[in-house]
Structures are given as structure tokens and as C-alpha cells.
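Listed below are the residues making up each chain.
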Amino acid sequence: MASKQHAKTSPIRSQEIDTRGTPLGPVRYVRFYRDDDKPVGWRELWEAFAERYPDQWAIQLFPPANELINEANVYHLWVLDDVPENLNIARKARPQEHD
């Protein structure tokens, strides 16, 4: 799949690798990276994700040490089709509206 350039001034690119079935439903495996191999900050990564996948959720996984691959500044996200049940901490932090 082709890479996408994030905005005209950002060096962040993304590449959709594949779609996989999971207990959370289908997820798209997407890599985010910079051509110059510099690290990407959390906010910068979120903005690149939000521009490409507006109003969607994604998960970033942190594997145990024996499964870690740390050879490049590549950030792997799993983009969800649906809101992950019971994982929306913002919804729990907001006061509940009563009818």
C-alpha cells in the first residue's frame, strides 16, 4: 500500500500494512514514521493519525522485552473500526448526564 504524506510541512508518513481480525473486531495495522528516522513525539503522532483517520480509535501496543523490536523510529498503530468497549477513559471521566 502507498505511503501518505502528512500535511505539506510534516515529515511524518504512514503506511497501511494490512487488516486483521481480532477480538476487538477488524483492525488496520498502520506504520507511522519519518523519512529522516528522527523520533516522533506523542502529539505529533496523534495529529498525523487524526488527520488520516478522523473520529477513529487506534491502539499502540507495548510488547514484553523478549518480543521487542527496536531498530527504527517506526510507530505501529492498530486502527479500530469501532469504539473499543470499556476503554474510553474520557467518557468515564466526564460527568454522566441524567434525563
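About the criteria used
- Residues numbered from 1 in each chain as written.
- Predicted model: local features only at pLDDT ≥ 70, side-chain atom pairs only at ≥ 80, totals over all residues.
- Heavy atoms only, no water.
- Helix = DSSP H or I, 4+ residues; strand = E, 2+ residues; numbered from the N terminus.
- Buried < 20%, exposed > 50% of the residue type's maximum accessible area, 1.4 Å probe, protein only.
- Contact = heavy atoms within 4.5 Å.
- Core = buried A, V, L, I, M, F, W, Y, C linked by side-chain atoms within 4.5 Å.
- 1 Å grid on protein atoms, 1.4 Å probe; cavity = no way out; pocket = protein on both sides within 12 Å on 5 of 7 lines; lining within 4 Å.
- Points joined across faces, edges and corners; volume = space filled by probe spheres on them.
- Nonpolar A, V, L, I, M, F, W, Y, C, P; charged D, E, K, R; others polar.
- Lys, Arg positive; Asp, Glu negative; His and termini not counted.
- Salt bridge = Lys/Arg side-chain N within 4 Å of Asp/Glu carboxyl O.
- Polar contact = N/O pair within 3.5 Å; in protein donor to acceptor, adjacent residues only side chain to side chain.
- Pairing = 2+ DSSP bridges.

Describing the overall build of the protein
Along the backbone of the protein there are 2 helices and 5 strands. Reading the secondary structure of the protein in the N-to-C direction produces β-β-β-α-β-β-α. Classification of the 99 residues of the protein by burial places 26% in the buried group. Summarising the internal contacts of the protein: among those between residues at least 6 apart in sequence, 48% fall at separations of at least 24.

Focus on the nonpolar core
Ile 12, Val 30, Phe 32, Val 40, Leu 45, Ala 48, Phe 49, Tyr 53, Tyr 75, Leu 77 and Val 79 together form the largest nonpolar core, which totals 11 residues. Sequence-distant contacts of Tyr 75, defined by excluding residues within four places in its chain, comprise Val 30, Arg 31, Phe 32, Pro 39, Val 40, Leu 45 and Gln 60.

Focus on the layout of surface pockets
For the largest pocket, the calculated volume is near 560 Å³. If you tally residues by element for the lining of the largest pocket, the top one is strand β5 (residues 74–80), at 4 residues. Class assignment of the residues belonging to the lining of the largest pocket gives a composition of 10 nonpolar, 4 polar and 3 charged. Its volume calculated, the second largest pocket comes out at about 410 Å³.

Some points on the side chain of Glu 16
Within the secondary structure, Glu 16 is located in strand β2 (residues 12–22). Here Glu 16 occupies a buried position and makes no salt bridge, while the nearest side chain of opposite charge, Arg 28, is found at 4.0 Å. Engagement of the side chain of Glu 16 in a polar contact is seen with the side chain of Tyr 53, the distance being 2.5 Å.

Comments concerning the pattern of salt bridges
If you walk through the whole model with that rule in mind, you get 6 salt bridges. A salt bridge links Arg 13 to Asp 35; the shortest N-O distance between them is 2.6 Å. One end of the pair, Arg 13, is in strand β2; the other, Asp 35, is in the loop between β3 (25–34) and α1 (42–52), and 22 residues separate them in sequence. Note on Arg 13: relative accessible area 24%, which makes it partly exposed. Taking the shortest distance from any N to any O, the salt bridge between Arg 20 and Asp 18 comes out at 2.9 Å. Members of the salt-bridge network, linked through shared partners, are Arg 34, Asp 36 and Glu 44.

Re the environment of Glu 85
With respect to the helices and strands, Glu 85 occurs in the loop between β5 and α2 (89–93). Glu 85 gets classed as exposed once you look at its relative accessible area, which sits at 68%. With 61 residues separating them in the primary sequence, Glu 85 and Leu 24 have C-alpha atoms 8.4 Å apart.

Here's the deal with the pairing of β2
Alignment of β2 against β3, held across 10 bridges, turns out to be antiparallel. Within β3, the residue paired with Arg 20 across the bridge is Val 27. Taken together, β2 and the strand that follows it, β3, pair antiparallel across an intervening segment of 2 residues.

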